[in-house]
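Residues per chain are reported as follows:
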Amino acid sequence: MKTTTRVAIIGGGVLGCSVLYHLTKLGWSDVMLVERSELTSGSTWHAAGGFHTLNGDTNMAALQGYTIKLYKELEEITGLSCGLHHVGGVTLADNRDRFDMLLAERAKHRYMGLETEIVGPEEIRKIAPVTNTDGILGALYDPLDGHLDPSGTTHAYAKAARMAGATIETHCKVLETKQKPDGTWQIVTEKGTIDAEHVVNAGGLWAREVAAMSGVYLPLHPMEHQYVVTEEVPEIAEIIEAGGEHPHVMDPAGESYLRQEGRGLCIGFYEQPCKPWAVDGTSWDFGHELLPDNLDKIEQSIDFAYKRFPALERAGVKSVIHGPFTFAPDGNPLVGPVPGLRNYWSACGVMAGFSQGGGVGLMLAQWMIEGECERDVSAMDVARYGDWINKGYTLPKVIENYQKRFSVSYPNEELPAARPMNTTPMYDIFDSMGAVWGHQYGLEVVNYFAEGDEPRFETPSFRRSNAWEATKREVKAVREAVGINEVHNFGKYLVTGPNARDWLDRIMAGRIPKQGRVSLTPMLSPKGRLIGDFTVSCLGPEAFQLTASYGAQAYHMRWFEQNEAQGVRVENISDRLNGFQVAGPKARDVLVACTRDPVADMRFMDLRRATVGMVDCLIQRVSYTGDLGYEIYCDPMAQRALWKTLWEEGQKHGMKPFGMRAMMSLRLDRFFGSWLSEFSPDYTPGETGMDRFISFTKNTDFIGRAAAEDERNKGSERQLVAFEVDALDADPHAYEPIWIDGSVQGFCTSGGYSHHAEKSVALALIPRSMAKEGLEAEIEILGEKRPARLITEPLFDPEGERFRM
C-alpha cells in the first residue's frame, strides 16, 4: 500500500471518487482514496440514481448542471457506461404557492442559460402520460432531468482518476487520523499508516465517526429512505415499444419522485412519518445491506401516489429499496476546509450525490489547489455552522428538512424545528412586546413586532405577506422619530497586539481608521472577490473592533486563522458584546438625555466610550438604516439595564422597536447592499461599487490588491444599479431576470418594498454600458414582466445630510 500522498480521501462513494477525479483533472496526481470496503458501499450503491438541475440556490443549480453534463465526458474518457437516461422531467404544482415557486425558478433559469419551461396540464399529459393532472395548475419541465447507473458512474469517476495517476485502496478501514505539528496528517489504517498533506472526509454514512477521530463534530444525520420498483406497467411497455422513455415526475404534493425503471416504474417518497437512522452512530459493520421494508411508513404516500399515477395501483411490486442517506440540517452539502483544523477538508452530506457530486468535487478541488472556488459556495460551505451546533440541534432539523424536501421554499419562511436555540437577554422582553421571530446562525432575531390582534406568525409567501403593516409602522417610526433594535446579529471580532494595524492593512482592502474613528472596508480573496464587508473601529493604538455579518463568523474566523501573523490576536466576541442601534431624527436627543458624557458633537463615523445610564458603552456614529443613528455596544450582562434607560427616555420622543423586515426596507432607500446578496464571492468590488472603499493609495500589498487594481484599470463589465419597479402584489426578491430591449441582460441581487418612498425597489447587476439614469427595463416577477426604471438618486436623504448631521 502507498504510504505517502499529497491528499488522502477517506470514503469510496460517488463523492469521494468525484473529488479524487477532479483533483487529478486540475493537476494533482499524487492523490489517494481509501475505502473500508468496496467502492459504492454505504449510500451510493442503493441510490435511485436520479439527477436534476432544480435547486433554490442558483449556484447549487449551476453545479448540478455541471454535474449532469460531466457524465458524457466521463464515458468518453474511460469507455465505461454511466447508464445515462436523459429523459427530462416535470415538477408538478397543485396550488398557487407551488406554481409561484416554479415561476420564480423558471425566471432564475433564464439568465443561468437553463432551457426549462412552464407547461400546462394538457402538455403534462403529453410529456408524462401516466400522470393524472386533476387539480394540477402547471409544471416546470427540465429537459436535463434523468437517471443513471450509480455503480457504473462511481466506477467511471474512479477509473478516470486512476488513469490520471490517482491511487485507490479498498478494504482499508481507517482507524485514526492524527495531525502532526507541521500541519500534515497521519491516517492510521488496517493496512498501515499513510502520511498525507491533506485529508478529505468523504465518509458518507460514517462521516460523523471519521470527523470525531480528529475532534470535529459535523452536523449530519442519516435518514431512512424508501423507494419501490414495480413489475411491468402496460403504459410504460407501450412507450418503450414506440421507441420512447417516460420522463421523471416530481410531485411535491405527494412528496414523491417517479421515473421509469425497465418496463416498470420506480417511485420514492419523502414521507412525513419519517425515521432517523443510526441515531447514536453508524456501525462499521454496515455496508451493502438494506433496511427491512417498512411500507407502513409510506402508506399515506402510496395512497396519494395511486391517485396521481393510477398505473401504479395496477402494477405489482417487484422490489422495495430501503436504505439510509445522510443529510445536513438544511439539506445542502458540508464542503470545504473545516474551521479550526489545518488541511482538513469536508466532502459530506451530499444527499443528492448524482445531481451534485460532480460540482461538489470540482469546487473542493479548486478550493484545495487554487485557494478559492470560481463561484460562491456559501450554501454548502461547512463553515455555515459554527461551534454552537450539536447533535441535539442537528437531529430535529434534519427530520424537518427531510419532511420538507418537496415542500415550497419561500423567501420569507422561518422553519420552527429546534428553536429557540440561542437567545439574548432581550428575548423575553421583546417576546412580550409581540416579537415575530426569525433566526440566523442559531440565534433568535426579531423580524418585526405584531401589535393588537395581529398574528404572531408571518405567513410564508412569494407575495407581500402579513408583515406588511407592521413593517410599514416600524419604518415610519425610524424615519419620523426614532427606532431601536439589537446589534446582536453582527459578527464582532477583537483584534489586538503590536502588529494589529499592519495585519488589518494586509487583510482588509480599505483604509484602517485612526483612533476614535470608524471605517468601512471590503475584504478580498486573492482573486479580488468579495469575501467580507466590514466595519473597522479603532479602539486604541493596538486594539480594533470589527463587525460584519453574524452568520459568517466561522467563515471569517477560518480566513483570519489561515492568515494569522505574529503579534496579532483575533478573538470572536460576537456573543460577548451586545447592545442596541438607535436611529432616526430623534436618535441624538435620546442618547444625549441618557448620558452625562459628551456625545452630542460626535461626527459621522466617530467612536467614543460613554456611560449610558448605569452602563459603560462603546458608541459608534453609524447606522445601516441610512439615517442619523448610533450603535451602542455593551456587556450582555448589562444589556437589560441599558434597554431600560434608552426605552424610558425614548418614549418621550416616539421611540418604537423595529426588526429585520424594517431594516431591509430602510436600507433599500439608500441602495445599501447586504452580505450574500450584493456582496458575495460571486462579485467584485468594481461591479458592486465597493471599490470606492478600497484604499489604492495605502502602501500595503493587501490581499487581492493586484486583482482589484487590474479591475480598476480595465473596468468591470457589470454594474450594480437600482430600479424602481411597477410591481403588483409581489416585489423583487433575488435572481429575477432583467429584460432590456427584448432580452435578458442581468438579474436582481435583492429587492423589496420601500415603505418610506412607497415604491418597489430592485438592486441588480446589468452591463455597465447600459447603466444610465432612466433606463427602461422589465423585471420578471413570478412569470410576469413588470416595468422598471433605473434610478441613481437615493429615495431617502439623497445628499446624505441626515446621517451626517
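Residues numbered from 1 in each chain as written. Predicted model: local features only at pLDDT ≥ 70, side-chain atom pairs only at ≥ 80, totals over all residues. Heavy atoms only, no water.

1. As for the nonpolar core
For step 1, the next point in the chain: Among the nonpolar cores identified, the biggest contains 79 residues, and L504, M508, L546 and F560 are the most heavily contacted of them.
For step 2, the next point in the chain: Discounting chain neighbours no more than four positions away, the residues touching L504 are V495, I512, V536, F544 and L546.
For step 3, the next point in the chain: Of all hydrophobic cores here, the second largest spans 65 residues; its members include M223, Y227, Y402 and F406. (Core = buried A, V, L, I, M, F, W, Y, C linked by side-chain atoms within 4.5 Å. Buried < 20%, exposed > 50% of the residue type's maximum accessible area, 1.4 Å probe, protein only. Contact = heavy atoms within 4.5 Å.)

2. A look at the pairing of strand β11 (residues 192–201)
For step 1, the next point in the chain: With six bridges joining them, strand β1 (residues 4–10) and β11 adopt parallel strand pairing. Its bridge partner lying in β11, T5 is registered against A196.
For step 2, the next point in the chain: Adjacent in sequence and paired antiparallel, strand β10 (residues 185–189) and β11 are bridged by two residues. (Pairing = 2+ DSSP bridges. Helix = DSSP H or I, 4+ residues; strand = E, 2+ residues; numbered from the N terminus.)

3. Description of the pattern of salt bridges
For step 1, the next point in the chain: Applying the stated rule across the entire model yields 52 salt bridges.
For step 2, the next point in the chain: A salt bridge links R479 to D627, with the nearest nitrogen and oxygen atoms 3.1 Å apart. One end of the pair, R479, is in helix α12 (residues 468–480); the other, D627, is in the loop between β29 (615–620) and β30 (629–634), with 148 residues separating them in the sequence. Comparing R479 with D627, the two get one shared label, buried.
For step 3, the next point in the chain: A salt bridge links D669 to R479; its shortest N-O distance comes to 2.9 Å. Taken as a pair, D669 in helix α17 (residues 660–669) and R479 in helix α12 lie far apart in primary sequence, 190 residues in all. The residues D669 and R479 share a single accessibility class, namely buried.
For step 4, the next point in the chain: When salt bridges with common partners are traced through the structure, they connect R96, D100, R463 and D729 into a single cluster. (Salt bridge = Lys/Arg side-chain N within 4 Å of Asp/Glu carboxyl O.)

4. Section: the pairing of strand β37 (residues 784–791)
For step 1, the next point in the chain: Looking at chain direction, strand β32 (residues 718–725) and β37 are connected through four bridges and run antiparallel. Of the residues in β37, the one forming a bridge with A722 is I791.
For step 2, the next point in the chain: Here six bridges tie strand β36 (residues 776–781) to β37, and the two strands are oriented antiparallel to one another. Within the sheet, the bridge partner assigned to E780 lies in β37 and is K785.
For step 3, the next point in the chain: Here β36 folds back onto β37, and the loop between the two strands holds two residues, one of which, L782, carries a positive phi near 50°.

5. Here we look at the packing of helix α2 (residues 58–78) against helix α5 (residues 150–163)
For step 1, the next point in the chain: Interhelical geometry of α2 versus α5 gives an angle of 60° and a closest axis separation of 9 Å. Accordingly, the angle class assigned to the pair α2 and α5 is oblique. The handedness of the crossing between α2 and α5 comes out as left-handed. For the pair α2 and α5, the contacting residues are T67, L70, Y71, L74, I77 and T78 in the first and T153, A156, Y157, K159, A160 and M163 in the second.
For step 2, the next point in the chain: A class-by-class count of the residues in the contact of α2 with α5 yields eight nonpolar, three polar and one charged. (Axes fitted to C-alpha atoms, helices over the stretch in contact; angles between N-to-C directions. Parallel < 35°, antiparallel > 145°, perpendicular 65-115°, else oblique. Left-handed = near helix turned anticlockwise from the far one by under 90°. Nonpolar A, V, L, I, M, F, W, Y, C, P; charged D, E, K, R; others polar.)

6. Structural notes on helix α13 (residues 500–507)
For step 1, the next point in the chain: Looking at α13, one finds that the buried residues are A500, W503, L504, D505 and I507.
For step 2, the next point in the chain: Packed against the buried residues of α13 are β22 (490–496), β23 (518–524), β24 (530–540), β25 (543–549), α14 (553–562) and β26 (569–572).

7. Re the packing of aromatic side chains
For step 1, the next point in the chain: According to the stated counting rule, one finds 29 aromatic pairs in the structure shown.
For step 2, the next point in the chain: Measuring from ring centre to ring centre gives 6.2 Å for Y257 and Y270, while their planes differ by 50°; the resulting arrangement is tilted. Of this pair, Y257 sits in strand β14 (residues 256–261) while Y270 sits in the loop between β15 (264–269) and α8 (299–308), and the two are 13 residues apart along the sequence.
For step 3, the next point in the chain: Overall, Y257 belongs to the buried group, its relative accessible area being 16%. (Phe/Tyr/Trp six-rings, centres within 6.5 Å; stacked < 30°, edge-to-face > 60°.)

8. Quick word on the state of the cysteines
For step 1, the next point in the chain: Applying the stated rule across the entire model yields zero disulfides.
For step 2, the next point in the chain: The structure places no disulfide on C266, whose sulfur is separated from the nearest cysteine sulfur, that of C82, by 19 Å.
For step 3, the next point in the chain: Classification of C266 by relative accessible area gives buried; the value is 1%. (Disulfide = S-S within 2.5 Å.)

9. Points about the sheet that holds β26
For step 1, the next point in the chain: Read from one edge to the other, the open sheet built from five strands follows the order β23-β24-β25-β22-β26, with strand pairing classed as antiparallel. Whereas interior strands pair on both sides, the edge strands pair on one side only; in this sheet they are β23 and β26. Averaged over all neighbouring strand pairs, the angle between strand axes comes to 30°, with direction disregarded.
For step 2, the next point in the chain: For β22 and β26, the ladder comprises four bridges, and the chain directions are antiparallel. Within the sheet, the bridge partner assigned to Y493 lies in β26 and is N572.
For step 3, the next point in the chain: In the packing of α14 onto the sheet, contacts are made with β22, β23, β24, β25 and β26, and the angle to β24 comes to roughly 75°.

10. Section: the side chain of N59
For step 1, the next point in the chain: Assignment of secondary structure puts N59 in helix α2.
For step 2, the next point in the chain: Here the side chain of N59 touches D376 through a polar contact of 3.1 Å, landing on its backbone oxygen.
For step 3, the next point in the chain: With residues near it in sequence (within four places) discarded, N59 still touches R375, D376 and D682. (Polar contact = N/O pair within 3.5 Å; in protein donor to acceptor, adjacent residues only side chain to side chain.)

11. Details of the sheet that holds β14
For step 1, the next point in the chain: Strands sit in the order β5-β6-β4-β13-β14-β15-β12-β16 across an open sheet of eight strands; the sheet is mixed. Of all strands in the sheet, those with a lone pairing partner are β5 (117–119) and β16 (317–327), marking the two edges. Taking the axes of each pair of neighbouring strands and ignoring which way they run, one obtains an average angle of 25° across the sheet.
For step 2, the next point in the chain: Where strand β12 (residues 221–230) meets β16, 10 bridges bridge the pair, whose relative direction is antiparallel. Bridge pairing links P222 to T326 in β16.
For step 3, the next point in the chain: Against the sheet, α8 touches β4 (89–93), β13 (248–251) and β15, its axis set at about 135° to β15.

12. Some details on the packing of α12 against α17
Any two packed helices are characterised by the angle at which their axes cross and by the distance between the axes.
For step 1, the next point in the chain: Two elements in contact, α12 and α17, have axes whose closest approach is 9 Å; the angle formed by their N-to-C orientations is 55°. Relative to α17, the element α12 is oriented oblique. You can see that α12 and α17 cross each other, and the crossing is right-handed. On α17, the residues touching T471, E474, V475, V478 and R479 of α12 are R661, A662, S665, L666 and D669.
For step 2, the next point in the chain: By residue class, the composition of the contact of α12 with α17 is four nonpolar, two polar and four charged.

That is the geometry; function is a separate question.
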